[in-house]
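# Report on the structure
Each chain, written out:
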Amino acid sequence: MDVNEKYIKIAKEILEKGYDEEELNKEVRPVWDDGESAYTKYLPQQVVRYEKGELPLISLRKIAWKSAIKEILWIYQDRSNDVNLLKEKYKVNYWDSWKNEDGNLGTAYGYQINKKFKSPETGQMTNQIERLIDQIKNNPLNRRLIMNLIDVDDMADMTLIPCAFLTMWTVSGEYLNLTLVQRSGDFLAAAAPGGINAFQYYVLLRMVAQVTGYKAGDFVHFIQNYHIYKKHIPSVKKILEIKVDEKSKPRLEINPDIKEFKDFTIDDFKLIDYYPDQTKYDIDIAL
């Protein structure tokens, strides 16, 4: 089953078998810009698995793949929560709804990656991405290879509690494997198979594997609450009718000369043979 088939399968499962929030609850937390309640159909505890070499990028609709990579660079390389930096350096402009009066996300996202702590292995002060890369290189059978974007002590000061928040890493032979845990997944906007979330964390897997001397292995994406907003249902149903261009067999190339995580730039990534459907969709984001 390729990534487009996975998209179709899970979309149909949510639409046909999902729980209806409007029937279950009189009120829900998310709202649209006008204050209207943002109800969904959802399924709990869904797992999407991508095998070695499989690129999680759909052709059923065009995914802003460069913006997805830029967000990863912003969070894990710049270790930043500064929305203004994201706009000025990377020209990514859709985080404004969550920035505070200082132009950042509070104690969320890159703030957590930049936070210094004492390494349980070395006793030295480090941050999450530096520890991860060091341990994969020097202690690859470590079963505590994780990065976490949520610290409960900081949750009250996060303007947005991260949706995709936990990565767990395992080395097996010549391969580096990744599990991404996501508390909540907006299917149409970002969390569908082959959508922004899966693609960008696959890229992170490729980046970390390259600088630590491994091949990218299996990638597993776990979503606790997988949902389609009711306002998005017509768009999802339209996507399900798209016939994928047979020429679209996307491959991601990364500059093999990059040996240090800090040295990656967006120009080091090239997408080959990507011919997605060009239909544009009005995708409102619930707040």
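Residues numbered from 1 in each chain as written. Predicted model: local features only at pLDDT ≥ 70, side-chain atom pairs only at ≥ 80, totals over all residues. Heavy atoms only, no water.

UniProt annotation of "binding site: (6R)-5,10-methylene-5,6,7,8-tetrahydrofolate" (unreviewed entry) refers to Asp-186 and Ala-286 when read in the numbering used here. The greatest C-alpha distance among the residues just named is 9.1 Å, despite their covering 101 residues of sequence, which places them together in space. Tracing the backbone through its elements, the reader meets Asp-186 in strand E8 (residues 185–186). A residue is classified by how much of its surface remains accessible, and Asp-186, at 14% relative accessible area, is buried. Relative to the assigned elements, Ala-286 resides in the segment after strand E11 (269–272). Under the relative-accessibility criterion, Ala-286 is labelled buried at 13%. Other than its neighbours up to four places away in sequence, Ala-286 contacts Pro-30, Val-31, Trp-32, Ala-38, Trp-98 and Tyr-229. (UniProt positions renumbered as here; feature names shortened; annotations may be inferred. Helix = DSSP H or I, 4+ residues; strand = E, 2+ residues; numbered from the N terminus. Buried < 20%, exposed > 50% of the residue type's maximum accessible area, 1.4 Å probe, protein only. Contact = heavy atoms within 4.5 Å.)

Listed in full, the buried residues belonging to helix H4 (residues 83–90) are Val-83, Leu-86 and Tyr-90. For H4, the angular spread of buried residues about the axis comes to 75°, placing them on one side. Against the buried residues of H4 lie helix H3 (65–77). Its side-chain oxygen 2.9 Å from the backbone nitrogen of Asn-84, Asp-82 forms the N-cap of H4. Where H4 ends, the next residue or the one after it, Lys-91, has phi of about 60°, a positive value. (Arc of directions from axis to C-beta. Polar contact = N/O pair within 3.5 Å; in protein donor to acceptor, adjacent residues only side chain to side chain.)

Moving on, we get to the UniProt feature "binding site: dUMP" (unreviewed entry) in the protein. Within this structure's numbering, the places UniProt gives as "binding site: dUMP" (unreviewed entry) are Arg-143, Arg-144, Arg-183, Ser-184, Gly-185, Asp-186, Asn-197, His-227, Ile-228 and Tyr-229. The annotated residues occupy 87 residues of the chain and do not converge on a single region, their most distant C-alpha atoms lying 36.8 Å apart. By the secondary structure assignment, Gly-185 is in strand E8. The contacts of Gly-185, once residues within four sequence positions are left out, are Ala-191, Ile-223, Asn-225, Tyr-226 and His-227. You can see Ile-228 is positioned in strand E9 (residues 215–229). What makes Ile-228 buried here is its relative accessible area of 0%. Every residue in contact with Ile-228, bar those within four places of it in the chain, is listed here: Ala-11, Ile-14, Leu-15, Tyr-39, Thr-40, Lys-41, Phe-187, Ile-233 and Val-236.

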